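Fold and contact review
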Amino acid sequence: MRSADNLPFAEATRAKLGDTLYRYLLGGARDAGGADGDANAAALRRYRLLPRLLTGLEGVDTGVSLWGHRFGAPLAVGAFAGDRVFHADGLLPVAAVCRRLALPLIVSEETVTPLAEITAIHDACWLQLRGAGPLERVVRLLDMAVESGAMGVIFTALAPTHPAPDMQPGGFSISEEIAARGWSTIGAAAGVEALPTFPAWSAETFTEVCRLADMRGLPVLLKGVLRGEDAALAEACGASGVIVSNIGLRQSARWALGVDRLASIRAATSLPVALDGGVRSGTDALIARCLGADVSLAARPVLSALAAGGEEAVASLLTSWCDDILAMLTWCGVDGVDALGPDFLASSPSEEPS
Ligand SMILES: Cc1cc2nc3c(=O)[nH]c(=O)nc-3n(C[C@H](O)[C@H](O)[C@H](O)COP(=O)(O)O)c2cc1C
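A brief look at the structure comes next.

Let us now look at helix H13 (residues 300-332). Taking 1.5 Å of rise per residue, the 33 residues of H13 would be expected to cover 48 Å, yet its terminal C-alpha atoms sit only 28 Å apart, more than 12% below that figure. Looking one or two residues past H13, Gly333 carries a phi angle of roughly 80 degrees, positive in sign.

In this section: the site of the ligand. Neighbouring the ligand are 23 residues; Ala81, Ser108, Gly248, Ala299 and Arg300 lie closest to it. Tallied by class, the residues present in the shell around the ligand amount to 10 nonpolar, nine polar and four charged.

In this chain, Phe198 is followed by Pro199 through a cis amide linkage whose omega measures -5 degrees. With respect to the helices and strands, the residue Pro199 is situated in the loop between helix H8 (174-180) and helix H9 (203-215). Look at Leu54: it is not a glycine, yet its phi comes out positive at around 55 degrees. The residue Leu54 is located in the loop between helix H3 (39-45) and strand S1 (64-66) in this model. Owing to 6 C-beta atoms within 10 Å, Leu54 belongs among the exposed residues under this scheme. Even without glycine at this site, Ile247 takes up a positive phi of about 55 degrees. Mapped onto the secondary structure, Ile247 falls in the loop between strand S8 (241-244) and helix H11 (258-268). The exposure class assigned to Ile247 is buried, which follows from the 22 C-beta atoms found within 10 Å.

Right, let's talk about the environment of Cys98 for a bit. Relative to the helices and strands, Cys98 resides in helix H5 (residues 92-101). Of the residues examined, Cys98 has 28 C-beta atoms within 10 Å and is grouped as buried. Once residues within four sequence positions are removed from consideration, Cys98 is found in contact with Val77, Leu103, Pro104, Leu105, His122 and Ala124.

This part takes up the packing of helix H1 (residues 10-17) against H13. Two numbers describe how H1 lies on H13: the axes approach to 8 Å, and their chain directions differ by 65 degrees. Read as a crossing pair, H1 and H13 show a hand that is left-handed. Packed against H1, whose contacting residues are Ala10, Ala12, Thr13, Lys16 and Leu17, the element H13 presents Ser304, Ala307, Ala308 and Gly309 at the interface. Grouping the constituent residues of the contact of H1 with H13 by class yields five nonpolar, three polar and one charged.

Right, let's get into the nonpolar core. In this structure, Val94, Leu105, Val107, Val153, Val242, Val244 and Val302 are the most contacted members of the largest nonpolar core, which totals 114 residues. Considering each element in turn, this core owes the most residues, 15 residues, to H13. Beyond its immediate sequence surroundings of up to four residues, Val153 is in contact with Trp126, Leu127, Leu129, Leu142, Ala145, Ala213, Leu218 and Val220.

Within the element layout of this structure, Val337 appears in the segment after H13. Take Val337: there are 22 C-beta atoms within 10 Å of it, and that puts it in the buried class. Residues Val337 and Tyr24, spaced 313 residues apart in sequence, show a C-alpha to C-alpha distance of 34 Å. Those residues in contact with Val337 that lie beyond four places of it in its chain are Thr62, Val64, Pro74, Arg289 and Leu329.

This paragraph deals with H1. Turning to H1, its buried residues number three or more, namely Thr13, Arg14 and Leu17. For H1, the angular spread of the buried residues around the axis is 100 degrees, confining them to a single face. Those residues of H1 that are exposed and angled more than 90 degrees off the buried face are Glu11 and Ala15. Buried residues along H1 sit in contact with helix H2 (19-26), helix H4 (83-86) and H13. At the C-terminal side of H1, Gly18 shows a positive phi close to 85 degrees.

What follows is about the environment of Leu306. Inspection of the secondary structure puts Leu306 in helix H13. Sequence-wise, Leu306 and Cys237 are 69 residues apart; in three dimensions their C-alpha atoms are separated by 36 Å. What Leu306 contacts, discounting residues up to four positions off in sequence, is Phe86, His87, Pro93, Val94, Ala313 and Val314.

Our next topic: the packing of helix H7 (residues 135-148) against H9. How two helices pack is summed up by the angle between their axes together with the distance between the axes. The geometry of H7 relative to H9 is characterised by a closest axis approach of 10 Å and an angle of 25 degrees between their N-to-C directions. By the angle between their axes, H7 is roughly parallel relative to H9. Where H7 crosses over H9, the two elements pack in a sense that is right-handed. Seen from H7, the contacting residues are Leu135, Val138, Val139 and Leu142; seen from H9, they are Glu208, Val209, Leu212 and Ala213. Looking at side-chain class alone, the contact of H7 with H9 contains seven nonpolar, no polar and one charged residues.

Conventions used here
- Residue indices begin from 1 for each chain and proceed along its sequence in written order.
- Predicted model: local features are reported for residues with pLDDT of at least 70 only, side-chain atom pairs are reported and counted for 80 or more only, and whole-chain, interface and lining totals are derived from all residues.
- For the purposes of this entry, the term helix denotes a DSSP run of H or I that reaches at least four residues, the term strand denotes a run of E that reaches at least two, and both are numbered from the N terminus.
- Expected helix span is given by 1.5 Å per residue-to-residue step, counting one fewer step than there are residues.
- We count a residue as near a molecule or strand when its backbone-placed C-beta atom lies within 6 Å of that partner.
- When residue character is reported, Ala, Val, Leu, Ile, Met, Phe, Trp, Tyr, Cys and Pro are called nonpolar, Asp, Glu, Lys and Arg charged, and the others, Gly included, polar.
- Partly exposed residues are those whose C-beta has more than 12 but fewer than 20 other C-beta atoms within 10 Å; with 20 or more the residue is buried, with 12 or fewer it is exposed, and the C-beta atoms are placed from the backbone.
- C-beta atoms are first placed from the backbone for all residues, and any pair lying within 7 Å is then listed as a contact.
- To get an axis, fit a line to the C-alpha atoms, keeping to the stretch in contact for a helix; angles then go from 0 to 180 degrees between the N-to-C directions.
- Left-handed describes a crossing whose near helix is turned anticlockwise from the far helix by less than a right angle; the clockwise case is right-handed.
- Each nonpolar core consists of buried Ala, Val, Leu, Ile, Met, Phe, Trp, Tyr and Cys residues. Their C-beta atoms, within 7 Å, join them into a set.
- The directions considered for the arc run from the helix axis to the C-beta atoms.
- Here the angle decides the label: under 35 degrees means roughly parallel, over 145 means roughly antiparallel, 65 to 115 means roughly perpendicular, and every other value means oblique.

This is the structure we're talking about:
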């Protein structure tokens, strides 16, 4: 089991969920070889910020403008499946907090709470879908995204489907759990559906997907990007952004670290870039910004807070992160997130060759 020291509410989460679910939430991949800890979070923690003094700063705005929206901070809540397994009200408390703080919320297609109930609370929701399989499925889900008022769609093209069995942390299957409780997921035509692994999409298929989404006014983000050339390809296909992600190293611990890949991906595309994985504070989001990420996503800290203490815990967590951002921008001597860049970092560990 991974060290839980950097997750808020870890002990309360374990007490609420029990060992099996807790292991699914926090456990590492089976090819981790017994290594402990979250390598994504550790990679972010290698960096230190350099303040700038005597700037005559008169005020700070923590907000960012992305995809035609103004958000309260360069933060978003990442996708997680099976929301109601972790809290009786599912994603609704998270949506309420995201609305108050003006942060985007990513809704997994394996969410149990209906999408329209979530978007009724908060309009800045993205629907996250499996980036593989037949186009008829995609068309059905794009139409649902439009009808529910989602602001866009995200296609996860790396995990989370598994061509081999038992690849989820702890060997636990969230879809079997949802089915056993008699629930259905928002992405399934009925009940719970296995997500498609094949056919994997080609660049031509993804171009068609982007065209179908664009016809419906939905921007598309590609999640799971770890190579600059894939970011450039996503842009050429018509995507509106990329999410740099190794899916939290949950299915394999051997993927490259998104933090190490940010600079080369930033250089390869003019699209907005999001970092996903290992973000554990508002300061992490600012460090990611210095490395080239326009926005940072966090899943497990929010899920852990939700399971442990519902809306109050999620609000406390995300408010403290937004407060960190305000304080750190002030101490860095900049009036906003866009002023940050690599020159605000004291060290930049060398990047692995691509
Ligand atoms: C319980 C759980 C369920 C997840 N379900 C999904 C999912 O349905 N779709 C997806 O794209 N990512 C899913 N993820 C991955 C997260 O969105 C995110 O990429 C990963 O956890 C890394 O971010 P973190 O370090 O902030 O948790 C899930 C993660 C967890 C912990």
